[in-house]
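# A structural walkthrough
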Amino acid sequence: MTLKVGTILEGTVVNITNFGAFVDVSGKTGLVHISEVSDTYVKDIRQHLKEKDKVKVKVIAIDDDGKISLSIKQAMPKSSKPIEVDWQSERNKNNGLSFEERLAKFLKESEERIQDIKHREGKRYGTVSRR
């Protein structure tokens, strides 16, 4: 079977490295780069894949040397369903504070953070900021 760019196939993970996973598709081995494993950030590919896992992959490139680039995330169906938000819990986070009270709280916390940053920068450069 000849592989074509854009084809979605099922393959078997044969080897895992820090930068991706090698997947056997139709007797040929291709690479799923770590950035093509999931829609979310992947720090450790071994948390997503294991050797001998069956995965659906999409052929995204075949170069002149015969190297095959594959993608798991592009082989997944796109979700058109919007994210559900629990607006009641969002309102409860504000503890019934008015807009002015929330704004005052934000300004106070912001000013404290700025003062803390200035204090740390003063230590870094050998000066001491006074509060």
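Scroll up for the structure.
In this report, we go over the structure that sits alongside the text.

Rules behind the numbers
Residues numbered from 1 in each chain as written. Predicted model: local features only at pLDDT ≥ 70, side-chain atom pairs only at ≥ 80, totals over all residues. Heavy atoms only, no water. Helix = DSSP H or I, 4+ residues; strand = E, 2+ residues; numbered from the N terminus. Buried < 20%, exposed > 50% of the residue type's maximum accessible area, 1.4 Å probe, protein only. Pairing = 2+ DSSP bridges. Axes fitted to C-alpha atoms, helices over the stretch in contact; angles between N-to-C directions. Salt bridge = Lys/Arg side-chain N within 4 Å of Asp/Glu carboxyl O.

Position of Thr17 among the secondary structure elements: in strand β1 (residues 8–17). Residue Thr17 is classed as buried on the basis of its relative accessible area, which comes to 16%.

Turning our eyes to something else, we now look at the sheet that holds strand β4 (residues 54–62). The strand order around the closed barrel built from 5 strands is β1-β2-β3-β5-β4, with neighbouring strands paired in mixed fashion. Here the strands of the sheet are splayed against their neighbours by 55° on average, with no regard to which way each runs. Bridging between strand β3 (residues 28–33) and strand β5 (residues 68–71) involves 2 bridges; their strand directions are parallel. The partner of Val32 across the bridge, within β5, is Leu70.

For the rest of this paragraph, the subject is unusual backbone geometry. Of note in the backbone geometry, Ser26 takes a positive phi value of approximately 55° without being a glycine. Within the fold, Ser26 resides in the loop between β2 (20–25) and β3. Within the chain, Lys52 stands out as a residue other than glycine whose phi angle is a positive 75°. Among the structural elements, Lys52 can be located in the loop between β3 and β4.

The next subject is the pattern of salt bridges. Here the structure, examined in full by the defined rule, presents 2 salt bridges. Across the pair Lys108 and Glu112 runs a salt bridge, and its minimum N-O distance is 3.6 Å. Highlighted residues: Lys108 and Glu112, both in helix α2 (residues 99–124), separated by 4 residues, approximately one helical turn. We note a salt bridge from Asp116 to Arg120, for which the minimum N-O separation is 2.5 Å. Of this pair, Asp116 and Arg120 are both found in helix α2, 4 residues apart, which corresponds to roughly one turn of the helix. The class of Asp116 is partly exposed, set by a relative accessible area of 29%.

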